[in-house]
Amino acid sequence: MKRLPKNILRNLGNVPMLYALPPLIVGIVVGERLAMPVWCGALFLLLSLFIAAHSLRQRYILLAIFAAGIFSISLRSTPALPEQGEMEIEVSRIVSRTDGRTVADGRVVAFMAGERLCRSHAEVRLSVEGLSIEQGDRLLSIATTRAFSDSDPYHRYMRAQGYAAQLYLTPDDILRHTHSEPGLIATLQKGALQRIQRLNLPPEKEAIVRTIAIGERSAITSSLREAYTQSGGAHLLAVSGLHIGFLCLLLNMLLLPVTLLREGVLLRSGMVVALIWLYAAVANLSPSVVRAATMFSIIQLATIGYSSVRGLNSLSLA
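One structure accompanies this document, and this report is about it. This one's a predicted model, so the numbers in the text were calculated from it and none came from an experiment.

### Here we look at the overall build of the protein
- Scanning the protein from terminus to terminus reveals 12 helices and six strands.
- The burial tally for the protein puts 36% of its 318 residues in the buried class.
- Counting only carbon and sulfur atoms, one obtains 62% of the accessible surface of the protein, whose full area is about 18900 Å².

### A word on the pattern of salt bridges
- For the coordinates displayed, the defined rule picks out six salt bridges.
- Among the ionic pairs, arginine 138 bridges to glutamate 88, the shortest N-O distance being 3.1 Å. Separated by 50 residues along the polypeptide, arginine 138 in strand E4 (residues 138–147) and glutamate 88 in strand E1 (residues 84–98) bring together distant segments of the chain.
- Overall, the relative accessible area of 30% leaves arginine 138 in the partly exposed class.
- Across the pair glutamate 206 and arginine 210 runs a salt bridge, and its minimum N-O distance is 3.6 Å. Of this pair, glutamate 206 and arginine 210 are both found in helix H7 (residues 203–214), four residues apart, which corresponds to roughly one turn of the helix. The residues glutamate 206 and arginine 210 share a single accessibility class, namely buried.
- Taken together, the shared-partner salt bridges in this structure form one network comprising Glu88, Glu90, Arg107 and Arg138.

### Remarks on a nonpolar patch on the surface
- Taken together, Leu184, Leu188, Leu275 and Leu278 make up a surface patch of nonpolar side chains, about 330 Å² in accessible area.
- Counting only elements with at least two residues in the nonpolar patch, the list comes to helix H6 (184–197) and helix H10 (264–282).
- Within the element layout of this structure, leucine 278 appears in helix H10.

### Observations concerning the pairing of strand E2 (residues 101–113)
- Where E1 and E2 come together, 10 bridges link them in antiparallel fashion. In the strand pairing of E2, arginine 93 is matched with aspartate 105.
- The hairpin turn running from E1 into E2, its antiparallel successor, is two residues long, and aspartate 99 in that turn takes a positive phi close to 50°.
- When E2 meets strand E3 (residues 116–129), the two strands line up antiparallel, connected through 12 bridges. Bridge pairing in E3 places methionine 112 opposite leucine 117.
- Between the antiparallel neighbours E2 and E3 lie two residues, among them glycine 114 with a positive phi of about 70°.

### Some remarks on the layout of surface pockets
- Approximately 1100 Å³ is the volume found for the largest pocket.
- Along its surface, the largest pocket is lined by 31 residues, and Arg93, Asp105, Arg125, Tyr163 and Arg217 are the ones closest to its centre.
- At the level of secondary structure, the elements contributing two or more residues to the lining of the largest pocket comprise E1, E2, helix H5 (153–160), strand E5 (163–169) and helix H11 (287–302).
- Top element by residues in the lining of the largest pocket is E1. It accounts for four residues.
- The residue makeup of the lining of the largest pocket, split by class, is 16 nonpolar, nine polar and six charged.

### What to know about the side chain of glutamine 300
- In this structure, glutamine 300 sits in helix H11.
- With relative accessibility at 3%, the residue glutamine 300 sits in the buried group.
- Dropping the residues within four chain positions of it, glutamine 300 is found in contact with Cys248, Asn252, Ser269, Val272 and Val273.

### Let's talk about H7
- Helix length check: H7, at 12 residues, gives a terminal C-alpha distance of 16 Å against a target of 16 Å (1.5 Å per residue), a fit within 8%.
- Listing the buried residues of H7 in full gives Glu206, Ala207, Ile208, Arg210, Thr211 and Ile214.
- Buried residues along H7 sit in contact with H6, helix H8 (222–231) and H10.
- Looking one or two residues past H7, glycine 215 carries a phi angle of roughly 70°, positive in sign.

### Regarding the packing of H6 against H10
- It is at 9 Å that the axes of H6 and H10 come closest, and there the two elements cross at 80°. Between H6 and H10, the interaxial angle falls into the category roughly perpendicular. Between H6, through Ile185, Leu188 and Gln189, and H10, the contact on the second element is made entirely by Leu278, Ala281 and Val282.
- Classifying every residue of the contact of H6 with H10 by side-chain character gives five nonpolar, one polar and no charged.

### A closer look at unusual backbone geometry
- Here asparagine 200, not a glycine, exhibits a phi torsion of approximately 55°, which is positive.
- Looking at the secondary structure, you find asparagine 200 in the loop between H6 and H7.
- Here the phi dihedral of glutamate 263 falls at roughly 55°; this positive angle occurs in a residue that is not glycine.
- Here glutamate 263 lies in the loop between helix H9 (241–254) and H10.

The rules behind these values
Residues numbered from 1 in each chain as written. Predicted model: local features only at pLDDT ≥ 70, side-chain atom pairs only at ≥ 80, totals over all residues. Heavy atoms only, no water. Helix = DSSP H or I, 4+ residues; strand = E, 2+ residues; numbered from the N terminus. Buried < 20%, exposed > 50% of the residue type's maximum accessible area, 1.4 Å probe, protein only. Areas by Shrake-Rupley, 256 points an atom, 1.4 Å probe, with all protein chains shown as cover. Salt bridge = Lys/Arg side-chain N within 4 Å of Asp/Glu carboxyl O. Patch = residues over 30% accessible without salt bridge, like charges linked within 9 Å, V, L, I, M, F, W, Y side chains within 5 Å. Pairing = 2+ DSSP bridges. 1 Å grid on protein atoms, 1.4 Å probe; cavity = no way out; pocket = protein on both sides within 12 Å on 5 of 7 lines; lining within 4 Å. Points joined across faces, edges and corners; volume = space filled by probe spheres on them. Nonpolar A, V, L, I, M, F, W, Y, C, P; charged D, E, K, R; others polar. Contact = heavy atoms within 4.5 Å. Expected span 1.5 Å × (residues − 1). Axes fitted to C-alpha atoms, helices over the stretch in contact; angles between N-to-C directions. Parallel < 35°, antiparallel > 145°, perpendicular 65-115°, else oblique.

Dropping the structure here:
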């Protein structure tokens, strides 16, 4: 480090969060390999934090960040589910609808193990044939599960995303289907979809607008997704930093008159951050959306004191 030019060292000193990234990434990679239990990861993290707090040396602080990476992976435990049995499932998000088949994300809230009722929080990918389901629905069913193994790349990816299994359902498997009242976020999503539908766009254009605007991808067909993948534009079909950046800029422009009020700068920043996270919730809080919302929230809050903001530091923290 001493051999680096002084200006580089000075610039690196202004982005302290950049130092935290390497040990965090290494901790995540090591955690995936070790598959450490949650209690073990928590114990390692607490011990590292205790040492870092008492010594305040850089090496021990980096060790604590490394332990945080391992602990974050240990939290991704995927509860085991029976191969077949009675399960109660809550539909959390519609992924796609094609040819009478609906693919959705859900959560198994309870299942029967013999004569015993077991509570669960297992995240699952649902494949439903011949049945209309919506976000927030509850399904009591005799489900057949297919666990994600480590032998297949797609299965490893799904396990890394926190999914425990894939469930295949038909109308004959459903014992009870309950439609629940949508919450605030679901109501806002429904309102946004209705506004887009009133534009009377062609089906493919409407599907793209729904995806780009609020991350609602259920109307994207496999052929359209393949076309974007082959053209190198698949990243456009996901709400990310580009969308949050435009939203942040637009909100700052629309709320500019608020700065004329007393403590107007503080009020505008608070409103912008709140609206950014509301939009992020409507866009289903995907990792890219959460990362972008965090980064732009930091940048927005830094404007309260008119302090300088380093994008690299904000991005590293996000």
